[in-house]
Amino acid sequence: MSVTTKPSSQDRRLEDTFGAAIGVLYERAAAEEASAALRRALELRGFLALAEEQVARVRDRVHQAMGPDRDMGELSADDLRMDAQWLEAALDARDGFRIALDELLRTMPPVATGLPRAVQVTQSKITTALPPAAPASPRAGAVRARRP
């Protein structure tokens, strides 16, 4: 499945901000006259959709391993520790992409007024790299505290 068709938790916000459905926004972004803000927002949206998919995969794997119909003899603390680490990494990535997208949308000028050339140049310098690592969340500390 293409990242353009994967859902993300921020799709509604992007649709509201740019005034069109996600599919239409991707079509607009492919056009020469598309704003740098739209292109960057959709790039971040794609990264976010992938990160959210990874969170869901690990969550589902843990739920399956811990299901009431599973044989308790099959439980592996090592596997669960690894899943906890993977989940932590996926959640950190998701949070980073959400922060970057929030910052982009917060700092861009209103879409209805159009983007003057000076704003386009400024926005084209926005980096798509991950933002600096956020301080560890209480959730991350709890996971680390349980590791041997």
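Look up: the structure comes first, before these words.
Residues numbered from 1 in each chain as written. Predicted model: local features only at pLDDT ≥ 70, side-chain atom pairs only at ≥ 80, totals over all residues. Heavy atoms only, no water.

## Some remarks on the overall build of the protein chain
For clarity, the threshold we go by: Secondary structure is summarised from DSSP: a helix means a run of H or I of at least four residues, a strand means a run of E of at least two, and numbering begins at the N terminus for each. Only protein chains enter the accessibility calculation, which uses a 1.4 Å probe; a residue whose area is less than 20% of its type maximum is buried, one above 50% is exposed, and one in between is partly exposed. Working rule for contacts: check all heavy atoms of both residues, and any pair within 4.5 Å makes them a contact. What sets the accessible areas is the Shrake-Rupley method with a 1.4 Å probe; for residues, cover comes only from the shown protein chains.
For the protein chain, the count of helices and strands is 6 helices and 0 strands. Overall, the protein chain shows an N-to-C arrangement of helices and strands of α-α-α-α-α-α. Out of the 148 residues in the protein chain, the part that is buried amounts to 30%. A fraction of 68% describes how many contacts in the protein chain between residues 6 or more apart in sequence connect residues 24 or more apart. Of the roughly 9,400 Å² that the protein chain leaves accessible, carbon and sulfur atoms contribute 58%.

## Some words on helix H1 (residues 11-18)
Put simply, the rule reads: Arc, as used here, means the arc of the directions from the helix axis to the C-beta atoms.
For H1, the complete set of buried residues consists of Asp11, Leu14 and Phe18. One side of H1 carries all its buried residues, which in axial view fall inside an arc of 65°. Those residues of H1 that are exposed and aimed more than 90 degrees away from the buried face are Arg12 and Asp16. The first or second residue beyond H1 is glycine 19, which carries a positive phi of 75°.

## Structural notes on a nonpolar patch on the surface
We apply this condition: Exposure above 30% relative accessible area and the lack of any salt bridge qualify a residue for a patch; like charges then connect within 9 Å, and the nonpolar side chains Val, Leu, Ile, Met, Phe, Trp and Tyr within 5 Å. Salt bridges are counted wherever a side-chain nitrogen of Lys or Arg sits within 4 Å of a carboxyl oxygen of Asp or Glu.
Nonpolar side chains collect at one region of the surface, where Met66, Met72 and Leu75 lie side by side and expose about 330 Å² of accessible area between them. Here methionine 66 shows up in the loop between helix H3 (36-65) and helix H4 (77-107). Judged by relative accessible area, methionine 66 falls into the partly exposed class, the value being 46%.

## Some points on the nonpolar core
The test is simple: Take the buried Ala, Val, Leu, Ile, Met, Phe, Trp, Tyr and Cys residues and link them wherever side-chain atoms come within 4.5 Å; each set so joined is a nonpolar core.
Counting 20 residues, the largest nonpolar core has Leu14, Phe18, Leu25 and Leu101 as its most contacted members. Of all the secondary-structure elements, those providing two or more residues to this core are H1, helix H2 (22-30), H3 and H4. When residues of this core are assigned to their parent elements, the largest contribution, 7 residues, is made by H3. Setting aside residues no more than four positions away along its own chain, phenylalanine 18 makes contact with Leu25, Arg28, Ala37, Leu38, Ala41, Leu105, Met108 and Val111.

The quantities given are spatial measurements derived from coordinates; they are silent on function.
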